[in-house]
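So the chains spell out like this:
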Amino acid sequence: MKSSEGGDAGTLSIGALAARFGLATHVLRHWEAMGLLHPGRDAGGSRRYGADDLTRVATVLILKEAGLGLNTIRSLSTTADRATRHEILRPAAEELRSRIAAAQASLELIEGGLNCEYEDVTQCPNYRRLIAERVRPRRPAGEPVIEAAAPTS
């Protein structure tokens, strides 16, 4: 890595690191305050970031894009224990599955509207099915579903 802004060889200033990732410098300071970054300091006390810091910033950004919060990321960064990692990630995975299911349902609704051949979208079978599912009374959790028996002839 090339020296930046007259600092130590192989390190970046906070401004150069922030610019490299398209972040504001206050974001890096916040991450440092949370214990996610541990920059070195030069003789004048200015922060200096090395290759490990670049990796940490990239890791934080990837995990944030995956939907994890900074507190969760900090917890992950302080453990090497597999069981603890699973305990931290399991709720995040469930939340993500829930968001994916909601997005799939939204996409189904939108595609139903796009594929509807009726002038009035409320007449489309897909629309009517989705509305019927939404207005159907909800039963308490654990209550069995009792279906009427089909007539026999």
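This is a predicted model, so every value here is computed, not measured.

Engineer: If you had to explain the state of the cysteines to someone new, which residues and values would you point to?
Structural biologist: Applying the stated criterion across every chain yields a total of one disulfide. Here Cys 116 connects covalently by a disulfide to Cys 124, the sulfurs 1.5 Å from one another. On the sign convention where negative is left-handed, the bridge of Cys 116 and Cys 124, at about -60° about the S-S bond, is left-handed. Neither residue differs from the other here; Cys 116 and Cys 124 are each classed as buried.

Engineer: Hey, could you go over the nonpolar core for me, with residue numbers and the actual values?
Structural biologist: The biggest cluster of nonpolar side chains holds 20 residues, and the ones touching the most others in it are Leu 17, Leu 28, Trp 31, Leu 36, Val 57 and Leu 70. Looking at this core, the elements with two or more residues in it are helix H1 (14–21), helix H2 (25–33), helix H3 (51–65) and helix H4 (70–77). For Leu 70, the residues in contact, after removing those within four places along its chain, are His 30, Trp 31, Met 34, Leu 36, Val 60 and Lys 64.

Engineer: So what's going on with the layout of surface pockets? Which residues, and what values?
Structural biologist: Space inside the largest pocket adds up to approximately 190 Å³. In terms of lining, the largest pocket is formed by Ala 105, Ser 106, Leu 109, Leu 130, Ile 131, Glu 133 and Arg 134. Counting only elements with at least two residues in the lining of the largest pocket, the list comes to helix H5 (82–115) and helix H6 (125–135). No other element matches H6, which puts four residues into the lining of the largest pocket. Its residues assigned to classes, the lining of the largest pocket comprises four nonpolar, one polar and two charged.

Engineer: Before we move on, could you go through the packing of H3 against H4 and cite the residues and values that matter?
Structural biologist: At a closest axis distance of 10 Å, the pairing of H3 and H4 adopts a crossing angle of 130°. When the interaxial angle is binned, H3 and H4 end up oblique. Crossing of H3 against H4: the hand is right-handed. Two secondary-structure elements touch here, H3 through Val 60, Leu 63 and Lys 64 and H4 through Leu 70, Ile 73 and Leu 76. Residue composition of the contact of H3 with H4, grouped by class: five nonpolar, no polar and one charged.

Engineer: With reference to specific residues and values, describe the pattern of salt bridges.
Structural biologist: Applying the stated criterion to the full structure yields six salt bridges. Linking Arg 41 and Glu 32 is a salt bridge whose minimum nitrogen-to-oxygen distance equals 3.3 Å. Take Arg 41: its relative accessible area is 44%, and that puts it in the partly exposed class. Arg 47 serves as the salt-bridge partner of Glu 32, at 2.4 Å between the closest nitrogen and oxygen. Taken together, the residues Glu 32 in helix H2 and Arg 47 in strand S2 (residues 47–48) connect sequence positions 15 residues apart. Look at the salt bridges and you will find they share partners, linking Glu 32, Arg 41 and Arg 47 into a network.

Here is what the cut-offs are and how they apply
- Residues numbered from 1 in each chain as written.
- Predicted model: local features only at pLDDT ≥ 70, side-chain atom pairs only at ≥ 80, totals over all residues.
- Heavy atoms only, no water.
- Disulfide = S-S within 2.5 Å.
- Buried < 20%, exposed > 50% of the residue type's maximum accessible area, 1.4 Å probe, protein only.
- Core = buried A, V, L, I, M, F, W, Y, C linked by side-chain atoms within 4.5 Å.
- Helix = DSSP H or I, 4+ residues; strand = E, 2+ residues; numbered from the N terminus.
- Contact = heavy atoms within 4.5 Å.
- 1 Å grid on protein atoms, 1.4 Å probe; cavity = no way out; pocket = protein on both sides within 12 Å on 5 of 7 lines; lining within 4 Å.
- Points joined across faces, edges and corners; volume = space filled by probe spheres on them.
- Nonpolar A, V, L, I, M, F, W, Y, C, P; charged D, E, K, R; others polar.
- Axes fitted to C-alpha atoms, helices over the stretch in contact; angles between N-to-C directions.
- Parallel < 35°, antiparallel > 145°, perpendicular 65-115°, else oblique.
- Left-handed = near helix turned anticlockwise from the far one by under 90°.
- Salt bridge = Lys/Arg side-chain N within 4 Å of Asp/Glu carboxyl O.

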